[in-house]
Amino acid sequence: MRVLAVGDVVGKTGRRMIAKWVPQLVDQEAIDLVVVNGENAAGGNGLTHEVLDELLSLKVDVLTSGNHIFDKREVFEFIDDVPVLLRPLNLPKGTPGHGYVVVSKASVPVAVINVAGRAFMPFQYDDPFHALDQVLATLKHEVPIIIVDFHAETTSEKMALAWYLEDRVSMLVGTHTHVQTADERIFPQGMAYISDLGMTGPRDSVIGVKAPSVIQKLRTQMPTRFETAVGVGQFGALLVDINDASGKAETIRRILKYEES
Ligand code: FE2
């Protein structure tokens, strides 16, 4: 199975990049499953139903998220009814939405799990290691291919989780920092890994936000209104081939594309 995982979609520019690259790559590269982190796809924060529909119409199969998933209030109206839209698994019991989904695309069923880190994150998430142990105990017997989006700030927490999971999952992709790392690799037990997929959004920005407002905030420490940047787009992703029988990754290719300016 060939999987494309795409990093954090930010605003209009990010959606334009999805429209430009995802359907084309799916056809050209014969991709079976597309997983996209969409937590900032609507205006730079959160997700609306309209934006969800737009992304799902562009050959996106599963949407993961993170700390911004509940930023737009309307998400509460539909998150329970859209199994392919994930929120972090390690939120308190009773939180709306789903932390993982099993999809049957192509030859074998695939589980996609979304989990959030704890280092320097704005919420006190439950232990992601423990949360994954519990879910994997069941899933491991049911599905041969398991993909994890680890939405976290630090490379060390991501790397630690990678070593913890490498013999149990097929692919672990980091998201949230919006800066792509060049450390893609296949771990000894066959798990494809990258610390961060990078942003799919406006290139000339501070991780998606107009630079002057971020500079002002850092210099003055005053509350500042952040505006989502526009302009030249970038597309950050990872393309991985996974053996259907063993669930192990066989090839890995990092993608970072810029829109023609
Ligand atoms: Fe995030």
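These lines cover the structure that appears in this document, whether it is placed above or below. (Residues numbered from 1 in each chain as written. Predicted model: local features only at pLDDT ≥ 70, side-chain atom pairs only at ≥ 80, totals over all residues. Heavy atoms only, no water.)

What follows concerns the coordination of the iron ion. Coordination angles at a metal have ideal targets, namely 109.5 degrees for four tetrahedral donors and 90 or 180 degrees for six octahedral donors. Taken together, E39 (OE), N67 (OD1), H151 (NE2) and H176 (ND1) make up the full set of protein donors to the iron ion, lying 2.1 to 2.4 Å away. In this structure, the iron ion is surrounded by four donor atoms whose angles at the metal cover 84 to 163°, and the resulting shape is irregular. For the iron ion, the single-chain donor residues occur in sequence as E-x27-N-x83-H-x24-H. Remark: N67 occurs in the loop between β3 (62-64) and α3 (75-78) and E39 occurs in the loop between β2 (33-37) and α2 (49-56); sequence separation between them is 28 residues. The pair E39 / N67 is uniform in exposure class, with both members buried. (Donors = N, O, S within 2.8 Å, 3.2 Å for Na, K, Ca; no water. Tetrahedral: all angles 85-135°; square planar, octahedral: opposite > 155°, others 65-115°. Helix = DSSP H or I, 4+ residues; strand = E, 2+ residues; numbered from the N terminus. Buried < 20%, exposed > 50% of the residue type's maximum accessible area, 1.4 Å probe, protein only.)

Glancing now at the pattern of salt bridges. Counted by the stated rule, this structure contains 12 salt bridges. Two residues, R15 and E54, come together in a salt bridge whose shortest N-O distance is 3.1 Å. Taken as a pair, R15 in helix α1 (residues 11-28) and E54 in helix α2 lie far apart in primary sequence, 39 residues in all. Residue R15 is classed as buried on the basis of its relative accessible area of 15%. As a salt-bridge pair, R16 and E259 come within 2.8 Å of each other at their nearest N and O atoms. Here the residue R16 occupies a position in helix α1, and E259 occupies one in the segment after β12 (249-258), the gap between them amounting to 243 residues. On the basis of relative accessibility, which here comes to 36%, the residue R16 falls in the partly exposed class. (Salt bridge = Lys/Arg side-chain N within 4 Å of Asp/Glu carboxyl O.)

Along helix α5 (residues 155-165), the residues that are buried comprise E157, K158, L161, A162 and L165. Each buried residue of α5 sits inside an arc of 140° when the element is viewed along its axis, so together they form one side. Considering only its buried residues, α5 is in contact with β5 (108-116), α4 (128-142), β6 (145-151), β7 (171-175) and β9 (192-194). (Arc of directions from axis to C-beta. Contact = heavy atoms within 4.5 Å.)

Turning next to the environment of R118. Counting through the fold element by element, R118 comes out in the loop between β5 and α4. In sequence terms R118 and T154 are 36 residues apart; their C-alpha atoms lie 9.1 Å from each other. Apart from the residues within four sequence positions on either side, R118 is in contact with Y125, D126, D127, P128 and E157.

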